[in-house]
Amino acid sequence: MLGFCRGRRKFLAASFTLLFVPAVTWIYLFTGNFDDGKSVSLSPLDSQPHSPRYSASSQKDSLEVRVREVEEENRILRKQLSLVQKRGSHPHGNRSKTYSMEEGTGDSESIRTGIVAGNSSECGQQPVVEKCETIHVAIVCAGYNASRDVVTLVKSVLFHRRNPLHFHLIADTIAKQILATLFHTWMVPAVHVDFYDADELKSEVSWIPNKHYSGIYGLMKLVLTKTLPASLERVIVLDTDITFATDIAELWAVFHKFKGQQVLGLVENQSDWYLGNLWKNHRPWPALGRGYNTGVILLLLDKLRKMKWEQMWRLTAERELMSMLSTSLADQDIFNAVIKQNPFLVHQLPCFWNVQLSDHTRSEQCYRDVSDLKVIHWNSPKKLRVKNKHVEFFRNLYLTFLEYDGNLLRRELFGCPSEADINSENLQKQLSELDEDDLCYEFRRERFTVHRTHLYFLHYEYEPASDNTDVTLVAQLSMDRLQMLEAICKHWEGPISLALYLSDAEAQQFLRYAQGSEVLMNRRNVGYHIVYKEGQFYPVNLLRNVAMKHVSTPYMFLSDIDFLPMYGLYESLRKSVVQLDMSTTKKALIIPAFETLRYRLSFPKSKAELLSMLDMGTLFTFRYHVWTKGHAPTNFAKWRTATTPYRVEWEADFEPYVVVRHNCPEYDRRFVGFGWNKVAHIMELDAQEYEFTVLPNAYMIHMPHAPSFDITKFRSNKQYRICLKTLKEEFQQDMSRRYGFTALKYLTAENNS
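Residues numbered from 1 in each chain as written. Predicted model: local features only at pLDDT ≥ 70, side-chain atom pairs only at ≥ 80, totals over all residues. Heavy atoms only, no water.

Moving on, we get to the sheet that holds strand β18 (residues 563-565). In space, the four strands of this open sheet follow the order β18-β25-β20-β21, with mixed pairing throughout. The strands lining the two open edges of the sheet, one partner per strand, are β18 and β21 (620-621). As paired strands, strand β20 (residues 593-595) and strand β25 (residues 700-702) are joined by three bridges and run parallel to one another. Paired with F594 across the bridge in β25 is I701. (Pairing = 2+ DSSP bridges. Helix = DSSP H or I, 4+ residues; strand = E, 2+ residues; numbered from the N terminus.)

With that out of the way, let us pick up the state of the cysteines. The final tally for this structure, using the stated rule, is two disulfides. Two residues, C132 and C416, share a disulfide whose sulfurs are 2.2 Å apart. One quick way to see it: the torsion about the S-S bond of C132 and C416 is about -95°, and its sign makes the bridge left-handed. Of the two residues, C132 sits in the loop between β2 (128-130) and β3 (135-141) while C416 sits in the loop between α13 (391-402) and α14 (422-432), which places them 284 residues apart along the sequence. The class of C132 is partly exposed, set by a relative accessible area of 30%. Accessibility expressed as a relative area gives 12% for C416, which makes it buried. The disulfide partner of C440 is C723, and the S-S distance across this bridge is 2.1 Å. Disulfide C440-C723: the torsion about the S-S bond is -95°, which places it as left-handed. (Disulfide = S-S within 2.5 Å. Buried < 20%, exposed > 50% of the residue type's maximum accessible area, 1.4 Å probe, protein only.)

Counting residues in each nonpolar core, the largest one holds 113 residues, and the members touching the most others are L498, F510 and F557. Dropping the residues within four chain positions of it, F510 is found in contact with F457, L458, M479, L482, L485, L500, L502, Y528 and I530. Listed in part, the 90 residues of the second largest apolar core include C141, V296, M307 and F335. (Core = buried A, V, L, I, M, F, W, Y, C linked by side-chain atoms within 4.5 Å. Contact = heavy atoms within 4.5 Å.)

On to the pattern of salt bridges, then. A side chain with one charge can pair with a side chain of the opposite charge if their charged atoms come near. With the rule as written, the count across this model stands at 34 salt bridges. D331 serves as the salt-bridge partner of K221, at 3.9 Å between the closest nitrogen and oxygen. One end of the pair, K221, is in the loop between α7 (198-205) and α8 (224-227); the other, D331, is in helix α12 (residues 331-341), and 110 residues separate them in sequence. Take K221 and D331: they sit in the same class, and that class is buried. Two residues, D686 and K745, come together in a salt bridge whose shortest N-O distance is 2.8 Å. In this pair, D686 is assigned in helix α23 (residues 677-687) and K745 in helix α26 (residues 744-752), connecting sequence segments 59 residues apart. The class of K745 is partly exposed, set by a relative accessible area of 39%. Residues joined in a network through salt bridges with shared partners are K155, D405, R452 and D504. (Salt bridge = Lys/Arg side-chain N within 4 Å of Asp/Glu carboxyl O.)

Our next topic: the confidence of the model for the protein chain. Overall, the predicted model of the protein chain reaches an average pLDDT of 82, with 77% of residues at or above 70. In this model, residues 1-56 is a region of pLDDT below 50 whose contacts with residues beyond four sequence positions or in other chains number 58 contacts. Low pLDDT (under 50) marks residues 84-125, which in the prediction has 60 contacts with non-local residues, meaning those over four places away or in another chain. (pLDDT = per-residue confidence, 0-100.)

Looking now at the environment of V151. Along the chain, V151 turns up in helix α5 (residues 143-160). With 89 residues separating them in the primary sequence, V151 and T240 have C-alpha atoms 8.5 Å apart. Contact partners of V151, with chain neighbours within four places excluded, come to L182, W186 and H454.

Now for the sheet that holds strand β23 (residues 657-661). Ordered in space as β13-β16-β15-β14-β17-β23-β19-β24-β22, the nine strands form an open sheet in which the pairing is mixed. The sheet is open, and its two borders are formed by β13 (453-454) and β22 (646-648), each paired with just one other strand. By the bridge criterion, three bridges tie strand β19 (residues 587-591) to β23 in an arrangement that is antiparallel. Note that in β23 the partner of I590 across the bridge is V658.

Assignment of secondary structure puts D470 in the loop between β13 and β14 (471-478). Under the relative-accessibility criterion, D470 is labelled buried at 0%. For the pair D470 and P495, spaced 25 residues apart in sequence, the C-alpha to C-alpha distance is 8.5 Å. Not counting chain neighbours up to four residues away, the residues in contact with D470 comprise Y462, P464, A465, P495, T553, P554, Y555, Y570 and R574. Reaching out from D470, the side chain makes a polar contact with the side chain of Y570 at a distance of 2.5 Å. (Polar contact = N/O pair within 3.5 Å; in protein donor to acceptor, adjacent residues only side chain to side chain.)

Moving on to the pairing of β3. Counting buried positions along β3 yields seven of seven residues, so the element is predominantly enclosed. Here β3 shows no split at all, with I135, V137, I139 and C141 on one side and H136, A138 and V140 on the other all buried. Where β3 meets strand β4 (residues 165-171), seven bridges bridge the pair, whose relative direction is parallel. Bridge assignment links V137 to a residue of β4, and that residue is F167. Since β3 and β4 lie parallel, the crossover through α5 that links them has a hand, and here it is right-handed. (Right-handed = clockwise from strand over helix to strand, strands pointing away.)

Running from N to C, α23 and helix α25 (residues 718-739) point in directions that differ by 15°, and their axes come no closer than 12 Å. Comparing the axis directions of α23 and α25 gives the class roughly parallel. Here the hand of the crossing between α23 and α25 comes out right-handed. Within the contact between the two elements, α23 uses A680, M683, E684 and A687 and α25 uses F731, Q732, M735, R738 and Y739. (Axes fitted to C-alpha atoms, helices over the stretch in contact; angles between N-to-C directions. Parallel < 35°, antiparallel > 145°, perpendicular 65-115°, else oblique. Left-handed = near helix turned anticlockwise from the far one by under 90°.)

Quick look at the structure:
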């Protein structure tokens, strides 16, 4: 083996010297003529001598391209020779800092760690991916559904990765809002994300008629050379319906295998689409053999730009559209038409880099064993219902990442320096200032916990009314209150903003529940925002703040998920905000709260009917028997006969449900689980001089349910109650600092209560 290595080094040294001769020879041969008088073409692009497009200047351009390629090959060879020489002088090399990326061969653990087995030959290794080299990934993502899909893809990449990642997301306004918040709150080390406005790119491809379900966004991969930074030399481009089963660095290493003018890495299409035999008169776009699938693409951006890729694909598309009229498979049709004319552009990837699952594919020929699988592509609108004999295995692999706890992917890449993240640094500073021996440490820590957040988990579509009177109902819930959603939607026809505290698996259960509910699917004006579970406590006030932050109407009705508003309350409140001049005054409109102990209730349709039920004992004022102070200032006795709104004063422990302007103060995050979360908010509204006004013809009813886990902890855990009391006192001290003399009454009221 040692003799072989030495021989190899001698060969590389000789090759390095000899390669300069062909470089000069190229220049000599291709600026002159051969005996037949015809100039030699360097590229299939120059294969049409009679066309004015293929002139002497074009040949010169091709010559320059080829010379640059020879120079690039020389550079790579010099680098390889240098590595071999270093390994010759240092027998153990620098194994710990590189990955061996031989496609489809070698021990998988060796590939991941860069440790080559003792009986392997270092001389025979393929080009390497440096341990801390950043891998660039581009994804086109538009809309609510695609934003959900891309999360599963990202999870699968993060699960296997050992390198820093830089995601380039071409996103519309919706996807950018969702994914920017998601990545910001995910806080995964060594992951950088840039966004590019897909709406600005529409004009680049809108002239191409497209029948594919992806619409105009399915054409945007064509313009990545223009869209991505000029300094970016190469990128892996992925569809959103991709699942990785291996380290993406293995795919990144394939760039080193590109030769000559190869600029596109693609897997052959595994369906018969481009063969044109799927049905009678089936006429696909031109393609080379079976064509190529563009769900996974390796793009050499710098070379593509030099080849004038923009002009190349545009001219091809214009020519083919004259007869084809529109694309059927979006960008894939145009990529294939270009490749048909210029097959030298493609480096064909082994098919395990894009195992295509749909009803008419030959994907089963791509693998014999689980270890063969690299990338699974669910390229069918039917997704998990495609016809493949191993679909159950693929389905389970997909579901694993779909329901995988994304918080577990917040792991450091040891040995790789990462850019300082200001948010992460601030968080670490705040946590370091806490005393871990404090018995209330876990309560205090929760205030600084960053919860991964996925906004608008389902489709949302609503434009606030133009008269500036619109009101959004705001609430939060966990999985055990899911059954309340349909009832609330029946009682409140206006917009709703909900924050749901769920695990990744529960989020999928919620999705299935919502998609199976005719009531919920018929409502497009409900914003569902998933806040993923982390920590010991239910972050009730964080959830309220998330729901409040994404209200687009001028006013909010701050409610709870276990309350049903009276029928017609939405329209009634819109009239009240006008009558009470809410736009120019600081008011909090109180909706009187009642409760029933019956799971089946004939909901009162009027105030008169509600008063009758109060007299009969079917309804009660809310929490009158366990926490009278919470709603006593509403003055229910006065409300019974009131016909006009009336003002009430703040009192200790007051926690009514109110309608306020959308710019009201947030809830204080230090209060988690059970106790004082609404009380503190109402206290701050009072400190900011909001007037509390009770609406005489409005009401809401609390529906019975099992006690929450947090109230059970409050009742059974003495330390829980002690910590809550401590947090209350600290909040009141903070109020005194913020509001001065005005806030003294809160301390007095608390001492007297």
